[in-house]
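# Fold and geometry: a report
Take a look at the letters that make up each chain.
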Amino acid sequence: MRLSLQLKFLLFLVLPVCLISLITAVYGFIYARESLIEQWMGKANAILHNASREIGCQLEEKLLLVDAIRKAEAIPHDKLMQAFLVQRLLTMEGVKRVDIDSVESEWTDPRRHDVRPSVGSLAGERSRDLSEESGEAVSLELRVNIDYDFLDIISLYRLKGHEAYKQITVSVDFASLIAAIQKMDLWEGTEALLATSEGRCLASTNPRWLNRRLGESGHPLEKKVLAEMEVHDSGTFFGEGRPPDLIMGFNRIPSTNWYLVLYSTGCEVCRPMLRFRLFFILGNIGSIVVMLTVMLVFTRPVVRSIKQISRATEEVEEGDYSARLPEDGTDEIGQLKRSFNKMREGLRQRDLIQQTFGRYVDKSIAEELMRSPDALALGGREKIVTILMADLRGFTPIADKLAAGEVITLLNRYLAAMIPIIERNRGIIVDFYGDGILAFFDGTEQDVPRRAAEAVACAVEMQQELRRLSTENSSLGLPELAMGIGIHTGKVVVGNVGSETRAKYGIVGSSVNFTQRVQSIAAGGKIVVSAETYDELADRISFGQRVAVCLKGLEGARDLFEVEYESDDCTI
């Protein structure tokens, strides 16, 4: 799948941000979760400690008043003080009833209670104190009234000199004890209960705990807390999971065997974090949307400019230099556009030079010179090449009869037909001289026979093409043409000839002059080769008889051979 540049921008910029946000969110979630649990446990310990002390103080205060009521009765004719103390006790928080009754014996209780004595100095062990000074017998109990969910504080005593016993019973609502916790700044979702060491719930902020025991639900944490209450006065524990399914803490109320228990679920404790998590997710999504929007706004011009440059580059690659990019902006993109326009103009001029150069110099030579500036240096190399020279026969009389424009047209048609044939056979055109063509076929020493064969094949094809062109000329009212071709293989110097200001790529040497002499012997429609070329191709091409000819400017006769070929095709 091919990704657009803008999509890559978005992926490579947004993905790291999203990954960082995700890692930060996970780390923050874990850190916040542990912090909230630790805060709950620290706060729960403080609440339990303070609330337990307050409940203990409430009980001590009530017990002191109960003791004061008992002592007031021992004062003769001071019933008013006792009534005042009773009234004072009734006004205390949670006190529902105060009864002073005569009982038959020390252990008789006129009401039916499910008595569950507790442990400690306010214990339910019946304690008896016989005062040596007063002769009083006193016992004190804390009893739980299950029927009415009351705590009964019972003081049983016998005055000196009296046989009968009296009993002071103070009924205290457990809800007043739990109110000490409700006054505290409880964590949202946290509940409290007052329980005995055996786990029986005496009071709770949640009615579902009434008449229940810790551990009845089978939850492992409740059982663990119940077991810890038997050996420790306080503790805080949490259940399984993160956040834990349940968190519980307990603290023993001073001078009793009762425990104040706080509990909450992990979700309730972590509720602020969970709410924050939702806001964090929404905030992250919003941030990513904003970031994407900003990136789209700011990257769209960059992507649009790069697309313009890409399209313009494709057009330049195809040879179209007409496109010009708008040079707007002072940033790097604007500078890139200006540089591209300069490059485009340079390439246009280079191609123009190459095209123009290629019209006057052989295409392969032009490409080599453009590709390698070192090839422009003056000088050359001695090589064995096969030289082809072609010339129209009787063209001067024909030109004398035609207008200048017709002569140019006739030559252009002739050259336009010959040039592609030479190039197709890998010949290198050196020059046009009037109606003549000079070309050579270059190669290594091992390639000489093959290059010679290509030169002969090229000459045959040129003669065939000229016959076809002459037929067209006749239909156009132009004169027919005849061409003689001479071919020679020999040593020449190949390279740049001239000066630093003006040079020409070509071949120089006596072989060029010899080829011209050979060409002058060839009649119209004939191809004549030298003995050197014949030696390279004797076993490959059909030749006519050897002819010894005295060439102008050369001593002695030279052997020349005429190539035999079919006039209708290129078979030789």
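Each value, and the rule that gives it
- Residues numbered from 1 in each chain as written.
- Predicted model: local features only at pLDDT ≥ 70, side-chain atom pairs only at ≥ 80, totals over all residues.
- Heavy atoms only, no water.
- Buried < 20%, exposed > 50% of the residue type's maximum accessible area, 1.4 Å probe, protein only.
- Helix = DSSP H or I, 4+ residues; strand = E, 2+ residues; numbered from the N terminus.
- Pairing = 2+ DSSP bridges.
- Axes fitted to C-alpha atoms, helices over the stretch in contact; angles between N-to-C directions.
- Contact = heavy atoms within 4.5 Å.
- Arc of directions from axis to C-beta.
- Salt bridge = Lys/Arg side-chain N within 4 Å of Asp/Glu carboxyl O.
- Expected span 1.5 Å × (residues − 1).

## Topic: the pairing of strand 4 (residues 150-158)
Counting buried residues in strand 4 gives eight out of nine residues, a clear majority hidden from the surface. As paired elements, strand 4 and strand 5 (residues 165-173) share eight bridges and run antiparallel to each other. Its bridge partner lying in strand 5, Phe150 is registered against Asp173.

## Remarks on the environment of Arg393
Considering the arrangement of structural elements, one finds Arg393 in the loop between strand 11 (379-392) and helix 9 (395-401). Exposure remark for Arg393: the relative accessible area of 23% places this residue in the partly exposed category.

## What to know about the sheet that holds strand 8 (residues 234-238)
Taking strand neighbours across the sheet as the criterion, the five strands line up as 7-6-10-9-8 in an open arrangement whose pairing is antiparallel. Only two strands of the sheet have a single partner each, and these edge strands are strand 7 (201-204) and strand 8. Sheet twist, expressed as the mean angle between neighbouring strand axes with direction ignored, is 20°. Here three bridges tie strand 6 (residues 191-196) to strand 7, and the two strands are oriented antiparallel to one another. Bridged to Ala195 within strand 7 is Cys201. In the packing of helix 4 (residues 220-229) onto the sheet, the strands contacted are strand 6, strand 8, strand 9 (247-252) and strand 10 (258-264), and the crossing angle to strand 9 comes to about 20°.

## With respect to helix 4
Looking at helix 4, one finds that the buried residues are Leu221, Glu222, Val225, Leu226 and Met229. One face of helix 4 carries all of its buried residues, which in axial projection span an arc of 140°. Considering only its buried residues, helix 4 is in contact with strand 6, strand 8, strand 9 and strand 10.

## Overview of the pattern of salt bridges
This structure, assessed with the given rule, holds twelve salt bridges. A salt bridge links Asp99 to Arg97, with the shortest nitrogen-to-oxygen separation between them at 2.8 Å. Owing to a relative accessible area of 31%, Arg97 belongs among the partly exposed residues under this scheme. Between Lys526 and Glu562 there is a salt bridge whose closest N-O contact spans 3.4 Å. Residue Lys526 is located in the loop between helix 12 (510-521) and strand 16 (527-530), and its partner Glu562 is located in strand 18 (residues 557-562); the two are separated by 36 residues in the primary sequence. Residue class for Lys526 comes out partly exposed when judged on its relative accessible area of 35%. On the basis of relative accessibility, which here comes to 33%, the residue Glu562 falls in the partly exposed class.

## With respect to helix 11 (residues 448-475)
With 28 residues, helix 11 extends 41 Å from end C-alpha to end C-alpha; this agrees with the ideal 40 Å at 1.5 Å per step. Phi for Gly477, located one or two positions after helix 11, is positive at around 80°.

The analysis is restricted to geometry; functional conclusions fall outside its scope.
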